[in-house]
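Here's the letter readout for the chains.
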Amino acid sequence: MASASHYFQQQIRWRALEIVFWVACLLPFVLTPNYLSLASQVAITALFALSLDLLVGYAGVVSLGHAAFFGVGAYTAGLMAKHYWTEPLSGLLTAGLVSGVLGYALSHIVVRFRHLALIMLTLGFGLLLHEAANSASTLTGGADGLQGFRVPGVLGFRFDMFGRTAYAYSLLVLFVCFLVCRRIIHSPFGLALRGIRENATRMPAIGAASQAHLR
């Protein structure tokens, strides 16, 4: 037990490269202040990649439909801002909750399959939700995108055309989600996910129910 605790403590410690990376993420404020809107899009895409890495890289669940959950969250936040209230933090939390509920509902089907069947199944789910969003153009805006709403600011900082607030907000959310994912992968649960990725059949023998963990 002591050796296991020591192992997890070693894994949790920050490496120098991690610190350098996050400090470097602040450089666009100084070096490229005219491209902060682009930098915020990079941070948003990095958040997408971070969640996909947790699913594919550590759990071994190969997914070609991961963008469906990203889109569901985006539409949830956008529709809230358009019809109810424009405070972005509550929209962010609600978007994550709705996407999580959808992911958990679909997981009861997805975790039953492996390899090619899993790839085709997730691809099919992604295409179905994509087509559903395009077809419901009165609600989602279809191919033209959701329009007619404005998010004035967050925590007293206004969003402007220069993208300062947008990049700071996107980077902060990315960093918080990185901390959460880092804690997950360096926990007993994360270790179980890696074991399931290597051999899903043997893991239940040591008390890690494969399908329950993957869901």
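Keep in mind the model is a prediction, meaning the values are calculated, not measured. (Residues numbered from 1 in each chain as written. Predicted model: local features only at pLDDT ≥ 70, side-chain atom pairs only at ≥ 80, totals over all residues. Heavy atoms only, no water.)

## What to know about the overall build of the protein
Item 1. When its secondary structure is counted, the protein shows 11 helices and 2 strands.
Item 2. Starting at the N terminus and walking to the C terminus, you meet the elements of the protein as α-α-α-α-α-α-α-α-β-β-α-α-α.
Item 3. Taking the principal axes of the C-alpha coordinates as reference, the protein spans close to 55 × 45 × 25 Å.
Item 4. Counting over 215 residues, the protein shows a buried share of 30%. (Helix = DSSP H or I, 4+ residues; strand = E, 2+ residues; numbered from the N terminus. Buried < 20%, exposed > 50% of the residue type's maximum accessible area, 1.4 Å probe, protein only.)

## Structural notes on the state of the cysteines
Item 1. Evaluated as defined, the whole model comprises 0 disulfides.
Item 2. The thiol of Cys-177 is unpaired, and the distance to the nearest cysteine sulfur, on Cys-181, comes to 6.7 Å.
Item 3. Classification of Cys-181 by relative accessible area gives buried; the value is 15%. (Disulfide = S-S within 2.5 Å.)

## A few points about a nonpolar patch on the surface
Item 1. Taken together, the side chains of Leu-26, Leu-27, Phe-29, Val-30 and Leu-31 present a nonpolar region at the surface, about 490 Å² in accessible area.
Item 2. Here Leu-26 shows up in the loop between α2 (16–24) and α3 (28–31).
Item 3. We classify Leu-26 as partly exposed; its relative accessible area is 46%. (Patch = residues over 30% accessible without salt bridge, like charges linked within 9 Å, V, L, I, M, F, W, Y side chains within 5 Å. Areas by Shrake-Rupley, 256 points an atom, 1.4 Å probe, with all protein chains shown as cover. Salt bridge = Lys/Arg side-chain N within 4 Å of Asp/Glu carboxyl O.)

## A closer look at the environment of Ala-208
Item 1. For Ala-208, the location among the structural elements is in the loop between α10 (188–198) and α11 (210–214).
Item 2. Exposure remark for Ala-208: the relative accessible area of 6% places this residue in the buried category.
Item 3. For the pair Ala-208 and Leu-193, spaced 15 residues apart in the sequence, the C-alpha separation amounts to 8.8 Å.
Item 4. When sequence neighbours within four positions are dropped, the list of residues in contact with Ala-208 reads Ala-192, Met-203 and His-213. (Contact = heavy atoms within 4.5 Å.)

## Here we look at the packing of aromatic side chains
Item 1. A full pass over the atoms with the stated rule returns 9 aromatic pairs.
Item 2. Centroid distance Phe-21 to Trp-22: 5.3 Å. Interplanar angle 80°. Geometry classified as edge-to-face.
Item 3. Owing to a relative accessible area of 48%, Phe-21 belongs among the partly exposed residues under this scheme.
Item 4. Taken together through their ring pairs, the aromatic side chains of Trp-14, Phe-21, Trp-22, Phe-175 and Phe-178 make up a single cluster. (Phe/Tyr/Trp six-rings, centres within 6.5 Å; stacked < 30°, edge-to-face > 60°.)

## Overview of the pattern of salt bridges
Item 1. A complete count under the given rule lists 3 salt bridges for this structure.
Item 2. Of the charged contacts in the structure, one is a salt bridge between Arg-182 and Glu-18, with a shortest N-O distance of 2.9 Å. Placement of the pair is Arg-182 in helix α9 (residues 164–185) and Glu-18 in helix α2, with a sequence separation of 164 residues.
Item 3. You can call Arg-182 buried: its relative accessible area is 8%.
Item 4. Across the pair Glu-198 and Arg-197 runs a salt bridge whose closest N-O atoms are separated by 3.0 Å.
Item 5. What makes Arg-197 partly exposed here is its relative accessible area of 31%.

## Some thoughts on the side chain of Thr-122
Item 1. Mapped onto the elements of the fold, Thr-122 is located in helix α7 (residues 115–135).
Item 2. Since its relative accessible area comes to 6%, Thr-122 is described here as buried.
Item 3. Among all residues touching Thr-122, those that are not within four sequence positions of it are Val-62, Ser-63, Leu-64, Gly-65 and Val-110.

## Considering the environment of Thr-94
Item 1. With respect to the helices, strands and loops of the structure, Thr-94 is situated in helix α6 (residues 88–110).
Item 2. Residue classification places Thr-94 among the partly exposed residues on the basis of a relative accessible area of 25%.
Item 3. Put simply, Thr-94 and Ala-166 are 72 residues apart on the chain and 19 Å apart in space, counted from C-alpha to C-alpha.
Item 4. Residues within four places of Thr-94 in sequence aside, it is in contact with Thr-76 and Met-80.

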